Amino acid sequence: MSNEPVRVRIAPSPTGAMHLGLARTALYNYLFARQHQGVFILRIDDTDQVRNQAEMLDPILNGLRWLGLDWDEGPQKGGPYEPYYQSQRTSVYQAAVAKLIAVGAAYLDYATPEEIAAEREQARQRGETFRYSRRWMAETPQQRAQFEAQGRKPVVRLKMPQTGTMVIEDLIRGRVEFDLALEQDHIVQRQDGTFLYHLTSAVDDGEMKISHIIRAEEHLSNTPRQVFILQALGYPLPRFAHLPFVAEPGSKNKLSKRRLKEYLKRAEFKELMTKGEAIARHLNLTINPDLFNPVVVDFYQKMGFLPEALLNYLALLGWALDDHTEYFTKDDLIRSFSLEKVNRAPASFDPQKLLAFQVHYMMQLPVEKRVELVLPYLTKAGLVKTPAAPEIQEMVAAIVQAAGDRIKVAGDILEYGYFFVPDEQLVFDPKALERWVAPEGQRSLLAEFAAALTNDLNFTKPVIESLVAQLAAATNTKPMAVSQALRVALTGKDYGFAIADCAVILGKKRVRNRIRQALNAVQKV
């Protein structure tokens, strides 16, 4: 590490979603900056006018904030190198293009797309790698005038070296060599005057004094032309670190939000998506397929994941401290992270592993904190008013305590919405009702249980468990049959946590009411 200040950046395009890969890249940049008392910069690559809309950027800004990856310079923060939107930096890029032409590192090119295509085809027929001939290059005023008299309009191309090798020492991949004979004269400014990524990214890195470029490996092939631009413009070269892909489960292919249908054929992806869809249904959310996708950060925020769980998991997608430490707070990561321990190989995204991290962090929280997390979901679903009355908060706490790790994410509380609906509005699962309540013997069990709930009965969990056991023994019935009959009567479903807990949470009066509702429901069938 040199003595120069550490300045790192992420430069996302406003795509309308924050991909998990971008979140992982942002995390590594953030950790590196914090570890070295450096600066973490957010720069927006919004030169694509079609996607240059505020609503397309908001999910990225919100995702970074939710994850706790606060940037030091950038949108809504400002900084010494404003503006941080590429669409507002055209004068900077135009000056850079002029300098590149002046020093012979770029040129005006008047070739038409058809002429370029013809040269490409000729190279293919010869079995050669295409390399533009520069036939329509104009380097003098006379050449420009000649081409423009033909009605041609120029683009600006880099004048890349045609021989030699460029070498970079990548902080993750080590020595990387590029054969310059394979490099094209890439366009950096279109006919309409707009600028391309290779130019804008390199110029901004130079102007903003970026010391380390930590980015995904898909950008490795861009490095020679960007180094060429930086050198031609006289900027000091940053250090490069190209991160491995966040890959598809069990694959080395890059994880993509566009391949969700394929991923849903895997049980672990399907389980995660089904859980998310159930929460969305309870909340009457309109699902935006670009955002409600397990490849996108917004999906986890909406479900009620803990940001620290997602951060911890993302940190381990490509990096490890050792062969046994799994759980890290953000401060732990800042102390422990190093680029030297980032793996070169793609790291497969595992939804089950992520959910395991979430459960770990959720169960580390005290009940009071979990209540705080789940209450907004009950409010949004219209099940609880805000602010929640003390007795409601107590009931939620009891549900959270009884459910334990069944509430894996905050939105899972909505699976227990039946505690909050009026007794007369409880909806019964028809199949569960038919199996566990409709038979005459089951109805008798429920009636006897209700009769045992005298006014002076001490309505506690041990007492209820004893009642169930006594009733099963007296009627020569399996205790499970009694419990299931009660479960359906009290919750409308044939699954859930311990029935004695359910009864205590509802209270004696509501238990009587719900047993009566269940028996009435059977009579109507």
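For the structure, check the block above.
Not measured: the values here are computed from a predicted model. (Residues numbered from 1 in each chain as written. Predicted model: local features only at pLDDT ≥ 70, side-chain atom pairs only at ≥ 80, totals over all residues. Heavy atoms only, no water.)

A. Looking closely at the overall build of the protein chain. Counting its secondary structure elements, the protein chain contains 21 helices and 12 strands. In terms of overall size, the protein chain is more extended than a compact globule, its C-alpha atoms giving a radius of gyration of 31 Å where 525 residues would be expected to give roughly 24 Å. Partitioning the intrachain contacts of the protein chain with sequence separation of at least 6 by distance along the chain shows that 74% fall at a separation of at least 24. Taking the average place of the 65 positive charges on the side chains of the protein chain and the average place of its 62 negative ones, the gap between the two points comes to 2 Å. (Helix = DSSP H or I, 4+ residues; strand = E, 2+ residues; numbered from the N terminus. Rg over C-alpha atoms; globule rule 2.2 N^0.38 Å. Contact = heavy atoms within 4.5 Å. Lys, Arg positive; Asp, Glu negative; His and termini not counted. Charge placed at Lys NZ, Arg CZ, Asp CG, Glu CD.)

B. How the structure looks around the side chain of serine 201. When you line up the elements, serine 201 lands in helix α6 (residues 197-207). According to the relative accessible area criterion, serine 201 is buried, its value standing at 2%. Serine 201 has contacts with Arg9, Arg43, Gln86 and Gln226, leaving out every residue within four places of it along the chain. (Buried < 20%, exposed > 50% of the residue type's maximum accessible area, 1.4 Å probe, protein only.)

C. Representation of the packing of aromatic side chains in the model. Summed over all chains, the structure comprises 19 aromatic pairs. Between phenylalanine 269 and phenylalanine 349 the ring centres are 5.8 Å apart and the planes differ by 65°, which places this aromatic pair in the edge-to-face class. Of this pair, phenylalanine 269 sits in helix α9 (residues 267-282) while phenylalanine 349 sits in the loop between β12 (347-348) and α13 (351-364), and the two are 80 residues apart along the sequence. On the accessibility criterion, phenylalanine 269 (0% relative accessible area) is buried. When the ring of phenylalanine 299 is compared with that of tyrosine 300, the centres are 5.2 Å apart and the planes differ by 85°; the resulting orientation is edge-to-face. (Phe/Tyr/Trp six-rings, centres within 6.5 Å; stacked < 30°, edge-to-face > 60°.)

D. Main features of the packing of helix α11 (residues 307-315) against α13. Close contact between α11 and α13 brings their axes to 9 Å; oriented N to C, the two are set at 135°. Accordingly, the angle class assigned to the pair α11 and α13 is oblique. For α11 against α13, the interelement crossing comes out right-handed. Residues Glu308, Ala309, Leu310, Asn312 and Tyr313 of α11 form the contact with α13, whose participating residues are Lys353, Leu354, Phe357, Gln358 and Tyr361. Classifying every residue of the contact of α11 with α13 gives 6 nonpolar, 2 polar and 2 charged. (Axes fitted to C-alpha atoms, helices over the stretch in contact; angles between N-to-C directions. Parallel < 35°, antiparallel > 145°, perpendicular 65-115°, else oblique. Left-handed = near helix turned anticlockwise from the far one by under 90°. Nonpolar A, V, L, I, M, F, W, Y, C, P; charged D, E, K, R; others polar.)

E. Representation of helix α17 (residues 440-451) within the structure. An ideal rise of 1.5 Å per residue puts 16 Å on 12 residues; α17 measures up with 17 Å between its terminal C-alpha atoms. Each element contacted by the buried residues of α17 is listed here: α16 (430-436), α18 (461-474), α19 (479-491) and α21 (508-524). (Expected span 1.5 Å × (residues − 1).)

F. Geometry of helix α7 (residues 223-232). Among the 10 residues that make up α7, 8 are buried, leaving the element largely enclosed by the rest of the structure. Turning to α7, its buried residues number three or more, namely Thr223, Pro224, Arg225, Gln226, Val227, Phe228, Ile229 and Leu230. At the exit of α7 stands glycine 234, carrying a positive phi of roughly 85°.

G. Broad picture of the layout of surface pockets. Size it by volume and the largest pocket reaches roughly 860 Å³. Broken down by secondary-structure element, the contributors of at least two residues to the lining of the largest pocket are β1 (7-10), α1 (20-35), α6 and β9 (212-216). The element best represented in the lining of the largest pocket is α1, accounting for 5 residues. Its residues placed into classes, the lining of the largest pocket shows 12 nonpolar, 9 polar and 9 charged. Of the pockets and cavities examined, the second largest pocket occupies roughly 340 Å³. (1 Å grid on protein atoms, 1.4 Å probe; cavity = no way out; pocket = protein on both sides within 12 Å on 5 of 7 lines; lining within 4 Å. Points joined across faces, edges and corners; volume = space filled by probe spheres on them.)

H. Region of interest: unusual backbone geometry. In this structure, the amide linkage connecting glutamate 82 to the following residue, proline 83, adopts the cis form with an omega of -5°. Here proline 83 lies in the loop between α2 (54-67) and α3 (90-102). With an omega dihedral of -5°, the bond running from threonine 386 to proline 387 counts as a cis peptide bond. Its identity is not glycine, yet glutamine 37 carries a phi of approximately 50°, on the positive side. With respect to the helices and strands, glutamine 37 occurs in the loop between α1 and β2 (39-42). Exposure remark for glutamine 37: the relative accessible area of 70% places this residue in the exposed category. Phi at asparagine 476 is positive, roughly 55°, even though this residue is not glycine.

I. Structural detail: the sheet that holds strand β5 (residues 155-158). Pairing is antiparallel in the open sheet, where 4 strands are placed in the order β4-β3-β5-β8. Each edge of the open sheet carries a strand with a single partner, namely β4 (137-138) and β8 (187-189). Sheet topology places strand β3 (residues 106-109) next to β4; 2 bridges connect them, and they run antiparallel. Its bridge partner being in β4, leucine 108 is matched across the sheet by alanine 138. (Pairing = 2+ DSSP bridges.)

J. Examining the pattern of salt bridges more closely. This structure, assessed with the given rule, holds 29 salt bridges. Taking the shortest distance from any N to any O, the salt bridge between arginine 175 and glutamate 177 comes out at 2.9 Å. Of the two residues, arginine 175 and glutamate 177, neither departs from the other in class, the shared state being exposed. Here aspartate 423 makes a salt bridge to arginine 510, at a shortest N to O gap of 3.0 Å. Within this pair, whereas aspartate 423 is found in the loop between α15 (390-403) and α16, its partner arginine 510 is found in helix α21, the two being separated by 87 residues in sequence. You'll find aspartate 423 and arginine 510 in the same group, each marked buried. It is possible to trace a salt-bridge network through shared partners that takes in Arg9, Arg43, Arg89, Asp204 and Asp205. (Salt bridge = Lys/Arg side-chain N within 4 Å of Asp/Glu carboxyl O.)

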